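# Remarks on the overall topology
In case you want the letters, here they are:
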Amino acid sequence: MFIALNPAYSMKIQTLAAVFLLISFNVFSQTKLSIVFIGNSITQGKGGDNGFPPPTHAVNYLKAQKGVDDVLYANVGRSGSTTLDWLPETGKYFTLATTAADSLYLKKDHQLLFSMKLGTNDSAIQGPNGSPVSKENYKKNVQTIISELLKRYPGSKVIIHHPIWYSTNTYNRSKYLAEGLERLQTYVPELDALIGEYKATEPGRVFKGDTKAFKYFKKHYLKLFKPENGQQGVFYLHPNVEGVAILGEFWGKAIKKKVLAGI
């Protein structure tokens, strides 16, 4: 037997159903992230003297985005570190990343992500461990680190940010100078090539992160870097409080664009 519904009542039911579906979509489409930030003194936050390093600003940016429900994170950046210091077999800093990741990986409703920015200290003429690191060895080291993380944490993702600019007279306890900056820039094509290789071997797991900060910080270095006294005058290596906030937002935007879009 067919029962005709009052048109107004039928419309009300349809409206309620639509609202329910919208609410359900919003609830179940909320993204939860767990991020381990790997890097050197710039990631650690040296230069940003207010105690808020770039990862904090990146996370705050992500938390403010529509569709992001929660972001847990650990900042394991270590001053002076090179890619050699983060190799799994050395045991120097890699365990910092895995200890943090072990805890965050337990949050099964969160997407585990590694955010990496290394290369500044690798590019130095002398001082940091293993420097100067050739572009070929730099790529090999980054690949070793990433591959081990992907193997240890199935379903995890990695985003690699390009290094940022520093002044050509940078010389503290370590010696960088123009030669170091030139070497640093040779790392960028190696990173891009590596990411391209992972697209074939580990599709949807390794992403290119921020690529814009290098030029932006070079253009605005007087405003965004902390001036430091060195062996060849005042140099610019570490972002100041304002620079740290801007760099963190660059990272947050890259994560949103490249990683969240695929979740």
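Residues numbered from 1 in each chain as written. Predicted model: local features only at pLDDT ≥ 70, side-chain atom pairs only at ≥ 80, totals over all residues. Heavy atoms only, no water.

### Quick look at the overall build of the protein
Rule in force here: Strands here are runs of E lasting at least two residues and helices are runs of H or I lasting at least four, both read from the DSSP assignment and numbered beginning at the N terminus. The cut-offs for exposure are 20% and 50% of the maximum accessible area for each residue type, with area from a 1.4 Å probe on protein chains only; residues under the lower value are buried, those over the upper are exposed, and the others partly exposed. Two residues form a contact once any of their heavy atoms are found within 4.5 Å. Each accessible area value is a Shrake-Rupley result obtained with a 1.4 Å probe; residue values ignore everything except the protein chains displayed when judging cover.
Each helix and strand in the protein was counted, giving nine helices and seven strands. When each of the 263 residues of the protein is scored for burial, the buried share is 49%. When contacts within the protein are restricted to residue pairs at least 6 apart in sequence, long-range pairs at least 24 apart make up 76% of them. Carbon and sulfur atoms make up 56% of the accessible area of the protein, which totals about 13,000 Å².

### A short note on the packing of aromatic side chains
Put simply, the test is: For this analysis, a ring pair means two rings from Phe, Tyr or Trp (six-membered ring only for Trp) whose centres lie within 6.5 Å, classed as stacked if their planes differ by under 30 degrees, edge-to-face if by over 60, and tilted for the remaining angles. Working rule: Lys NZ or Arg CZ, within 6 Å of ring centre, within 35 degrees of ring normal, means a charge sits over the ring.
Applying the stated criterion across every chain, the model contains 13 aromatic pairs. Considering the side-chain rings of W86 and Y93, the 5.5 Å spacing of their centres and the 40° angle between planes classify their relative orientation as tilted. The exposure classification of W86 matches that of Y93, with both residues buried. When the centroid spacing of 5.5 Å and the interplanar angle of 75° are considered together, the rings of F217 and F225 count as edge-to-face. Note on F217: relative accessible area 0%, which makes it buried. These aromatic residues form a ring-pair network of at least three members: W165, Y216, F217, Y221, F225, Y236 and F250. K108 extends its terminal NZ or CZ atom over the ring of Y105, reaching a point 3.7 Å from the ring centre.

### Considerations on helix 5 (residues 135-152)
Definition in use: Here the expected span of a helix is defined as 1.5 Å times the quantity of residues minus one.
When the terminal C-alpha atoms of helix 5 are compared, their 26 Å separation across 18 residues agrees well with the 26 Å that a helix rising 1.5 Å per residue should span. Those residues of helix 5 not exposed but buried are Y138, K139, N141, V142, I145, I146, E148, L149 and L150. If you follow the buried residues of helix 5, they end up packed against strand 1 (31-39), helix 4 (94-105), strand 3 (111-117), strand 4 (157-160), helix 6 (177-201) and strand 5 (206-208).

### A look at the environment of V241
Note that V241 resides in helix 9 (residues 241-258). In the structure, V241 is positioned 192 residues away from D49 in sequence and 6.3 Å away in space, judged by C-alpha atoms.

### Details of the packing of helix 5 against helix 6
This is how the line gets drawn: Every axis in this analysis is a line fitted to C-alpha atoms, fitted for helices over the stretch in contact. Angles between the N-to-C directions lie between 0 and 180 degrees. Here is the rule for handedness: rotate from the far helix to the near one, and if that takes an anticlockwise turn smaller than a right angle the crossing is left-handed, while a clockwise turn gives right-handed. Following the grouping adopted for this structure description, the nonpolar residues are Ala, Val, Leu, Ile, Met, Phe, Trp, Tyr, Cys and Pro, the charged ones are Asp, Glu, Lys and Arg, and the polar ones are all others, Gly among them.
In contact at an axis separation of 9 Å, helix 5 and helix 6 are set at 35° when each is read in the N-to-C sense. Seen from above, helix 5 lies across helix 6 with right-handed handedness. When helix 5 is examined against helix 6, the residues K135, Y138, K139, V142, Q143, I146, S147 and L150 are found in contact with a partner set consisting of T186, Y187, E190, L191, A193, L194, E197 and Y198. Partitioned by chemical class, the residues of the contact of helix 5 with helix 6 number nine nonpolar, three polar and four charged.

### Quick word on the nonpolar core
Cut-off, in case you're wondering: Nonpolar core, defined: a set of buried Ala, Val, Leu, Ile, Met, Phe, Trp, Tyr and Cys residues in which side-chain atoms within 4.5 Å join the residues together.
Core analysis: the biggest nonpolar cluster contains 67 residues, and V36, I38, F114 and I146 have the highest contact counts within it. Among residues more than four places away in sequence, those in contact with V36 are A74, V76, A97, A100, A101, L104, L112, L113, F114 and S115.

### Thoughts on the pairing of strand 7 (residues 233-239)
Counted only if it meets this: Paired strands, in this sense, are two strands between which DSSP finds at least two bridges.
Within strand 7, five of the seven residues are buried, which leaves the element mostly enclosed by the surrounding structure. Where strand 6 (residues 225-230) meets strand 7, five bridges bridge the pair, whose relative direction is antiparallel. Along strand 7, the bridge assignment pairs N229 with V234. Here strand 6 folds back onto strand 7 in antiparallel fashion, the turn holding two residues.

### Re the sheet that holds strand 3
Across the sheet, five strands lie side by side as 2-1-3-4-5; this open sheet has parallel pairing. Lying at the two open borders of the sheet, with one neighbouring strand each, are strand 2 (68-75) and strand 5. Neighbour-to-neighbour, the strand axes of the sheet open up by a mean angle of 25°, direction not taken into account.

### Some remarks on the layout of surface pockets
What counts here: With a 1 Å grid laid over protein atoms only, a set of points is called a cavity when a 1.4 Å probe fits there but cannot get out and a pocket when it is open yet has protein on both sides within 12 Å along at least five of seven lines; lining residues have an atom within 4 Å of a point. Grid points are joined across faces, edges and corners, and a volume is the space filled by probe spheres set on the points.
The volume enclosed by the largest pocket comes to roughly 260 Å³. When contributions to the lining of the largest pocket are tallied by element, the ones reaching two or more residues are helix 2 (41-44), strand 6 and strand 7. Per-element tally for the lining of the largest pocket: the top contributor is strand 7, with three residues. A breakdown of the residues in the lining of the largest pocket according to their chemical character gives five nonpolar, ten polar and three charged. There is about 200 Å³ of room inside the second largest pocket. Around the second largest pocket, the lining residues are K208, G209, D210, T211, K212, F250, K253, A254, K257 and K258. The element contributing the most residues to the lining of the second largest pocket is helix 9, with five residues. Classifying every residue of the lining of the second largest pocket gives two nonpolar, two polar and six charged.

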